Amino acid sequence: MFPALAQQSTDIAQQSADLVSLDQTGSAAAPQKATAAQASSDTSPDADLTDNQWHYYGMGYIWFPGITGTVGIRGFDTSVHVTAGEIFSNFRGGLLGVFIPTHNRFSAPIDFMWMRLRDSKAIPFNPAYSVRATLGMVIATPKVSYLLLNNPKIKIYGTAGPRFWHLGTTLDLVPTIQGRNLSTGVAWTDFVMGGRFSLPLGSKASVDILGDGGEGGATLDYQVGGLLNYQVKPKWTLQGGWRYLTVHYGNDGTLLNASIQGIVIGATYKFK
């Protein structure tokens, strides 16, 4: 998810000019010092692709999602609908971030999300009840990513890895069933494959378009998204965009057929 920013063409051109100057003047001291200074000040991500060193990025982000779909426990299915505008009154906690180690063209992004959402307007399929649905979701996606195409106009990455889900569902019913509400917790793993396209918009800005999809414990699991990246400092980049995630899961009486989408705002820091 980290942005593609400036290119190395200016540095390469400058190094070539230094070599020409060295041949013409026979003086090695000034060009060698200039080249060393350039190497030490080169902070473009393209430099990370050839230096044979590990680099580390951390991204924290906020997702303002709406959720639409159906949840169920032991055959008691409930329709949920929370818009992005209602998220502040229905949000019950969350922690979201991405850690990205990279080495040349390889990277291993780890996306982690924990969110707890509540829908007090949930509609049960059994009209004899009213219900309040609470969903607690932990979603972890460690991937392997490889830069397939490195072009001044576009970068294309291939990605693959597992997506681990843990879903906790609580249905507060009125009236209760034998004095109790319904609750359950399930976990499953899906394997997803996808890609990311990064288009530079100058020396400090870029657009990322990403997506993946697959199955496993769920019969359908996919996401798409887009991010606008802007580098505000050599180590800091701000992001803003949209993310859409869909999952269809049903097993052992637990059901989650839902789509989650909304605005994403984040910041990425380069540790090394």
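Residues numbered from 1 in each chain as written. Predicted model: local features only at pLDDT ≥ 70, side-chain atom pairs only at ≥ 80, totals over all residues. Heavy atoms only, no water.

Turning to the nonpolar core, a few remarks are in order. Grouped together as the largest cluster of nonpolar side chains are 36 residues, with contacts concentrated most on Trp 63, Leu 171 and Trp 188. With seven residues, strand β1 (residues 54-73) is the largest single contributor of residues to this core. Ignoring sequence-local partners within four residues, the contact set of Leu 171 consists of Val 71, Ile 73, Phe 76, Thr 78, Val 131, Arg 132, Ala 133, Asn 181 and Leu 182. (Core = buried A, V, L, I, M, F, W, Y, C linked by side-chain atoms within 4.5 Å. Buried < 20%, exposed > 50% of the residue type's maximum accessible area, 1.4 Å probe, protein only. Helix = DSSP H or I, 4+ residues; strand = E, 2+ residues; numbered from the N terminus. Contact = heavy atoms within 4.5 Å.)

In this section: the pairing of strand β13 (residues 236-251). When a strand is regular, its side chains alternate between the sheet's two faces. Two elements, strand β12 (residues 220-233) and β13, share 13 bridges in a ladder whose sense is antiparallel. Pairing of Gly 225 across the sheet is with Arg 243, part of β13. Here β12 hands over to β13 after two residues, the two strands then running antiparallel side by side. Across 16 bridges, the pairing between β13 and strand β14 (residues 254-270) is antiparallel. Within the sheet, the bridge partner assigned to Thr 237 lies in β14 and is Thr 268. Between the end of β13 and the start of β14, which pair antiparallel, lie two residues, with Asp 252 showing a positive phi angle near 55°. (Pairing = 2+ DSSP bridges.)

Together, Tyr 230, Val 232, Trp 236 and Leu 238 make up a nonpolar patch on the protein surface, roughly 380 Å² of accessible area in all. For the nonpolar patch, the secondary structure elements donating two or more residues are β12 and β13. As for its placement among the helices and strands, Trp 236 is situated in strand β13. (Patch = residues over 30% accessible without salt bridge, like charges linked within 9 Å, V, L, I, M, F, W, Y side chains within 5 Å. Areas by Shrake-Rupley, 256 points an atom, 1.4 Å probe, with all protein chains shown as cover. Salt bridge = Lys/Arg side-chain N within 4 Å of Asp/Glu carboxyl O.)

In total, this model carries five salt bridges according to the counting rule given. For Asp 111, the salt bridge goes to Arg 243, with nearest N and O atoms at 2.6 Å. Placement of the pair is Asp 111 in strand β5 (residues 110-119) and Arg 243 in strand β13, with a sequence separation of 132 residues. The same class applies to Asp 111 as to Arg 243, namely buried. As a salt-bridge pair, Arg 196 and Asp 208 come within 3.1 Å of each other at their nearest N and O atoms. Placement of Arg 196 in strand β10 (residues 182-200) and of Asp 208 in strand β11 (residues 205-216) is noted, with a sequence separation of twelve residues between them. Residues Arg 196 and Asp 208 agree in their burial class; the two are buried. Where salt bridges share partners, they join Lys 143, Arg 163, Asp 212 and Asp 221 into one cluster.

In this structure, Ile 100 sits in strand β3 (residues 91-103). With relative accessibility at 1%, the residue Ile 100 sits in the buried group. As a C-alpha pair, Ile 100 and Ile 110 span ten residues in sequence and 6.4 Å in three-dimensional space.

Across all of its chains, the model carries seven aromatic pairs by this definition. Their ring planes at 50° and their centres at 4.9 Å tell us that Trp 236 and Tyr 269 sit as a pair that is tilted. Pair noted here: Trp 236 is in strand β13 and Tyr 269 is in strand β14, with a separation of 33 residues, a long-range link. Judged by relative accessible area, which is 38%, Trp 236 ranks as partly exposed. (Phe/Tyr/Trp six-rings, centres within 6.5 Å; stacked < 30°, edge-to-face > 60°.)

Note on placement: Ser 198 falls in strand β10. One polar contact links Ser 198 to Asp 208, side chain to side chain, over a distance of 2.9 Å. (Polar contact = N/O pair within 3.5 Å; in protein donor to acceptor, adjacent residues only side chain to side chain.)

Glancing now at the confidence of the model for the chain. Detailed reading of the predicted model is not advised wherever pLDDT is low. In the predicted model, the chain carries a mean pLDDT of 80, and the fraction of residues at 70 or more is 73%. Mean pLDDT in the chain bottoms out at helix α1 (residues 9-25), which sits at 39, and peaks at β11, which reaches 97. Under a pLDDT of 50 for its full length, residues 1-42 has, in the predicted model, 60 contacts with residues more than four places off or in other chains. (pLDDT = per-residue confidence, 0-100.)

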